[in-house]
Amino acid sequence: MSDKKGFVGPTFSFANRVRRMAWQLCWLLLARWTPPPMHRWRIAVLNAFGANVDPNAYVYPDVKIWAPWHLRMERHATLGPGVTVYNIASTSLGAKAVVSQQANLCTGTHDHRDPAFPLYALPIHVGARAWVCAQAFVGPGVTVGDGAVLAACGVAFSHLEPWTVYRGNPAQAHSQRAPIHE
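Think of each chain on its own: its residues are numbered from 1, step by step along the sequence as written. In keeping with the predicted nature of the model, local features appear solely for residues at pLDDT of at least 70, side-chain atom pairs appear and are counted solely at 80 or more, and the whole-chain, interface and lining totals rest on all residues. Calculation of side-chain values draws on the structure's entire complement of heavy atoms; hydrogens and water are dropped beforehand.

1. Side note on the packing of helix H1 (residues 14-30) against helix H2 (residues 39-48)
- Following both chains from N to C, one finds H1 and H2 inclined at 165°, their axes separated by 11 Å at the closest point. Compared by their axis directions, H1 and H2 come out roughly antiparallel. Remark: the crossing between H1 and H2 carries right-handed chirality. Within the contact between the two elements, H1 uses Trp23, Trp27 and Leu30 and H2 uses Trp41, Arg42, Val45 and Leu46.
- Here the contact of H1 with H2 is composed, by residue class, of 6 nonpolar, no polar and 1 charged. Between N-to-C directions, angles cover 0 to 180 degrees, with each direction set by a line fitted to C-alpha atoms, over the stretch in contact for helices. Helix numbering and strand numbering both begin at the N terminus, where a helix is a DSSP run of H or I of at least 4 residues and a strand a DSSP run of E of at least 2. Note on angle classes: values under 35 degrees are labelled roughly parallel, values over 145 roughly antiparallel, values of 65 to 115 roughly perpendicular, and the remainder oblique. Two helices cross in a left-handed way if the nearer one is turned anticlockwise from the farther one by less than a right angle. They cross in a right-handed way if the turn is clockwise. The criterion used for residue contact is that any of the two residues' heavy atoms lie within 4.5 Å. Under the grouping applied here, Gly and all other residues not named as nonpolar or charged are polar, the nonpolar ones being Ala, Val, Leu, Ile, Met, Phe, Trp, Tyr, Cys and Pro and the charged ones Asp, Glu, Lys and Arg.

Rendered as structure tokens:
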């Protein structure tokens, strides 16, 4: 007789795991080794796997993207070197949004209060002209408002207001940023 309480095995279907394995293999063979200026080639690889990335965006070769079919990037949006996008839910970057080196966008977590420890996911949106600085962390369900800044090593588990600079763990509003109009 088996006890089904607590963690009992894989969260994702076999088909999902095979799809992600195919994605990771293709990224390794077709994109991971490419020189940094080859953004359009890497974007073509991402889009071939269901991403919706503008051809004028920037994606660096050592970015780790869990599911490209959940990624949307507008023109001139950037995923910098070493960024991790754990996007089991939708992740979107507005025009000219920047996610700097080694930052982490994480759409998933577990309910630690439930003995079954279920995984749940909430989308992340990084607004136009927002900046997620180096080694910052953006958690599930967070919207980084247009022009907002999450300072280096900052940790955001709640929405960041537009044109506001945040820092710390947990992120707290520090100052205002002048809006940029084009």
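2. Regarding the nonpolar core
- Nonpolar core, defined: a set of buried Ala, Val, Leu, Ile, Met, Phe, Trp, Tyr and Cys residues in which side-chain atoms within 4.5 Å join the residues together. Only protein chains enter the area calculation, which uses a 1.4 Å probe; residues under 20% of their type maximum are buried, those over 50% are exposed, and those in between are partly exposed. Within the largest apolar cluster, 42 residues are counted, with the highest numbers of intra-cluster contacts made by Leu46, Met73, Leu79, Leu93 and Leu150.
- Counting only elements with at least two residues in this core, the list comes to H1, H2, strand E4 (71-73) and strand E12 (124-126).
- Counting residues per element, this core draws most heavily on H2, which supplies 3 residues.
- Beyond its immediate chain neighbours, meaning those up to four positions away, Leu46 contacts Trp23, Trp27, Ala51, Val53, Val59, Ile65, Pro68 and Leu71.

3. Some thoughts on the side chain of Asp111
- Position of Asp111 among the secondary structure elements: in the loop between strand E10 (108-110) and strand E11 (119-121).
- Think of a polar contact as two N or O atoms within 3.5 Å of one another; within protein, one of them needs to be a possible hydrogen donor and the other a possible acceptor, and neighboring residues in sequence only count if both atoms come from side chains. At a separation of 3.0 Å, a polar atom in the side chain of Asp111 contacts the main-chain amide nitrogen of Arg113.
- Beyond its immediate chain neighbours, meaning those up to four positions away, Asp111 contacts Phe117, Pro118 and Tyr120.

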